[in-house]
Amino acid sequence: MKTAIYYFSATGNSLYAAKFLKETLNAEIFSIPKMLRENNFTANAEKIGFIFPQHYFGLPMLVEEFVRKLEMPNVKYIFAIATCGVPYWGRPFTDLNELLAAKNLRQNASWFLRLVSNYLPLRDTAADWRIKIRYWFAERKLKKISAMVAQNESHDTWEVGKSSGKKYHDDWESRRADLDKNFQCDVEKCVKCGLCERVCPVKNITRPQGFPQWQHNCVECLACINVCPKCAIDLGDVTKGRKRYVHWQIKPSELV
Ligand SMILES: Cc1cc2nc3c(=O)[nH]c(=O)nc-3n(C[C@H](O)[C@H](O)[C@H](O)COP(=O)(O)O)c2cc1C
Ligand code: SF4
Ligand code: SF4
């Protein structure tokens, strides 16, 4: 069965998982922001996977938009993986199922994959020893996921709050035009390398004088703040001094 994996990844966790399954399942992987930019909404594979970070207890905005538009004429098996900081708390698979049901489809299997939270406004990045342990468990889980997907097995994820949290998530989406209002760049630290601009999945950053400026169409993926090699970007004062995070096996250039 031909396998296609559609991924969205701001800081590499979901890309790491997609690359892992690319190897073990001999799959093709496709970037969701790139497909959105190219207006490419046809999936011809029979086995389809969606891999994305959990955002505000649900799906990232771009994943919602993509799934809503995607046509899957030949699909026979659908799986989904939500990478996250805290597993089993949220409704990404409930929401995904609703989007698929509108197309008379349903997901056959879903899993949370706990990695490392990149949500710096909430808390500092985990200590390195904790990250190492999370990576070890994540790889072990991915091997199991891969074996199950290879056999087209069903898997229901146990989720707390899978029917609640919608109001909270919807409220976050409705504030989209304001989500970047606290972003700031320290011009003393910025070396005008442009990486923040290149990683932004929605082209929300311009750099008229070399320093980033945000254009109020942010999906709060937090790629820009985490990839900046000089830690020049902050979200107000709350992220100051916090350790930036990109998955250790992913180069920032792979996120562009
Ligand atoms: C806006 C935003 C909201 C998030 N919400 C949650 C959440 O509700 N639950 C959770 O466990 N992690 C949450 N996270 C953390 C990410 O899901 C986690 O770090 C993910 O693995 C990042 O994947 P990526 O590196 O592929 O972008 C959030 C991150 C962001 C940026
Ligand atoms: S990534 Fe950092 S250093 Fe590079 S242009 Fe953006 S803010 Fe400046
Ligand atoms: S501006 Fe930053 S946080 Fe917002 S979508 Fe772009 S990269 Fe993500």
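Residues numbered from 1 in each chain as written. Chains lettered and ligands numbered in written order. Predicted model: local features only at pLDDT ≥ 70, side-chain atom pairs only at ≥ 80, totals over all residues. Heavy atoms only, no water.

Colleague: Could you give an account of the layout of surface pockets, with specific residues and numbers?
Modeller: In this approach a probe as big as a water molecule rolls over the atoms, and the regions it shows empty are the leftover space. In this structure, the largest pocket encloses a volume near 580 Å³. As for the largest pocket, its lining consists of 26 residues, and the residues nearest its centre are Gln54, Tyr56, Gly85, Ser117 and Tyr119. At the level of secondary structure, the elements contributing two or more residues to the lining of the largest pocket comprise helix H1 (13–25), strand S4 (77–84) and helix H6 (166–174). Of the residues contributing to the lining of the largest pocket, the split by class is 14 nonpolar, 10 polar and two charged. The volume enclosed by the second largest pocket comes to roughly 340 Å³. Lining the second largest pocket are 17 residues; nearest its centre among them are Tyr88, Arg114, Phe137, Ala138 and Lys141. (1 Å grid on protein atoms, 1.4 Å probe; cavity = no way out; pocket = protein on both sides within 12 Å on 5 of 7 lines; lining within 4 Å. Points joined across faces, edges and corners; volume = space filled by probe spheres on them. Helix = DSSP H or I, 4+ residues; strand = E, 2+ residues; numbered from the N terminus. Nonpolar A, V, L, I, M, F, W, Y, C, P; charged D, E, K, R; others polar.)

Colleague: Can you lay out the site of ligand 3 for me, pointing to particular residues and giving the numbers?
Modeller: Residues in contact with ligand 3 amount to 14 residues; listed here are only the nearest, Cys200, Cys218, Cys221, Leu222 and Cys224. If you map ligand 3 onto the pockets, it falls in the second largest cavity. Tallied by class, the residues present in the shell around ligand 3 amount to 12 nonpolar, one polar and one charged. (Near = heavy atom within 4 Å. Sits in = over half its atoms within 2 Å of the grid points.)

Colleague: So what's going on with the side chain of Arg134? Which residues, and what values?
Modeller: Within the secondary structure layout, Arg134 lies in helix H5 (residues 128–150). Buried within the structure, Arg134 lacks any salt-bridge partner; Asp128 is the closest side chain of opposite charge, at an N-O distance of 11 Å. Those residues within four positions of Arg134 in sequence are excluded, and the remaining contacts are Gly85, Arg114, Leu115 and Val116. (Buried < 20%, exposed > 50% of the residue type's maximum accessible area, 1.4 Å probe, protein only. Lys, Arg positive; Asp, Glu negative; His and termini not counted. Salt bridge = Lys/Arg side-chain N within 4 Å of Asp/Glu carboxyl O. Contact = heavy atoms within 4.5 Å.)

Colleague: Can you explain the sheet that holds strand S5 (residues 109–114)? Please cite residues and give values.
Modeller: The five strands lie next to each other as S2-S1-S3-S4-S5, forming an open sheet whose pairing is parallel. Both outer strands of the open sheet, strand S2 (28–31) and S5, are each paired with one neighbouring strand and no more. Adjacent strand axes in the sheet meet at a mean angle of 20 degrees, parallel and antiparallel pairs treated alike. By the bridge criterion, six bridges tie S4 to S5 in an arrangement that is parallel. In the strand pairing of S5, Thr83 is matched with Leu113. (Pairing = 2+ DSSP bridges. Axes fitted to C-alpha atoms, helices over the stretch in contact; angles between N-to-C directions.)

Colleague: Got a sec to walk through the environment of Glu254? Specific residues and values, please.
Modeller: Mapped onto the elements of the fold, Glu254 is located in the segment after strand S9 (233–235). In sequence terms Glu254 and Val199 are 55 residues apart; their C-alpha atoms lie 9.0 Å from each other. Not counting chain neighbours up to four residues away, the residues in contact with Glu254 comprise Leu15, Lys19 and Gln249. Looking at Glu254, its side chain comes within polar contact range of the side chain of Lys19, at 2.5 Å. (Polar contact = N/O pair within 3.5 Å; in protein donor to acceptor, adjacent residues only side chain to side chain.)

Colleague: Describe the site of ligand 2, with residues and values.
Modeller: If you check the shell around ligand 2, you find Cys190, Val191, Lys192, Cys193, Gly194, Cys196, Pro212, Cys228, Pro229 and Ile233 and nothing else. One can see that ligand 2 is located within the largest cavity.

Colleague: Describe a nonpolar patch on the surface, and please don't skip the residues or the numbers.
Modeller: A contiguous nonpolar surface patch, about 470 Å² in accessible area, is contributed by Trp129, Ile133, Trp136 and Phe137. Tracing the sequence through the fold places Trp136 in helix H5. (Patch = residues over 30% accessible without salt bridge, like charges linked within 9 Å, V, L, I, M, F, W, Y side chains within 5 Å. Areas by Shrake-Rupley, 256 points an atom, 1.4 Å probe, with all protein chains shown as cover.)

Colleague: Outline the pairing of S4, supporting the account with residue identities and numerical values.
Modeller: Regular strands place their side chains on alternate faces of the sheet. In terms of residue burial, S4 counts as a mostly covered element, since eight of its eight residues are buried. Covered by surrounding structure in S4 are Tyr77, Phe79, Ile81 and Thr83 together with Ile78, Ala80, Ala82 and Cys84, the residues of both alternating faces. In this sheet, S4 lies alongside strand S3 (residues 47–53) in parallel orientation, the contact comprising seven bridges. Looking at S4, one finds that Ile51 is bridged to Ile81. Handedness of the crossover joining S3 and S4 through helix H3 (residues 61–69): right-handed. (Right-handed = clockwise from strand over helix to strand, strands pointing away.)

Colleague: Outline the pairing of S2, supporting the account with residue identities and numerical values.
Modeller: Inspection of the sheet shows strand S1 (residues 3–7) paired to S2 by four bridges, in the parallel sense. Residue pairing across strands places Tyr7 opposite Ser31, the latter belonging to S2. After leaving S1, the chain enters H1 and then returns to the sheet as S2, a path that is right-handed.

No statement about biological role is implied by the geometric values presented.
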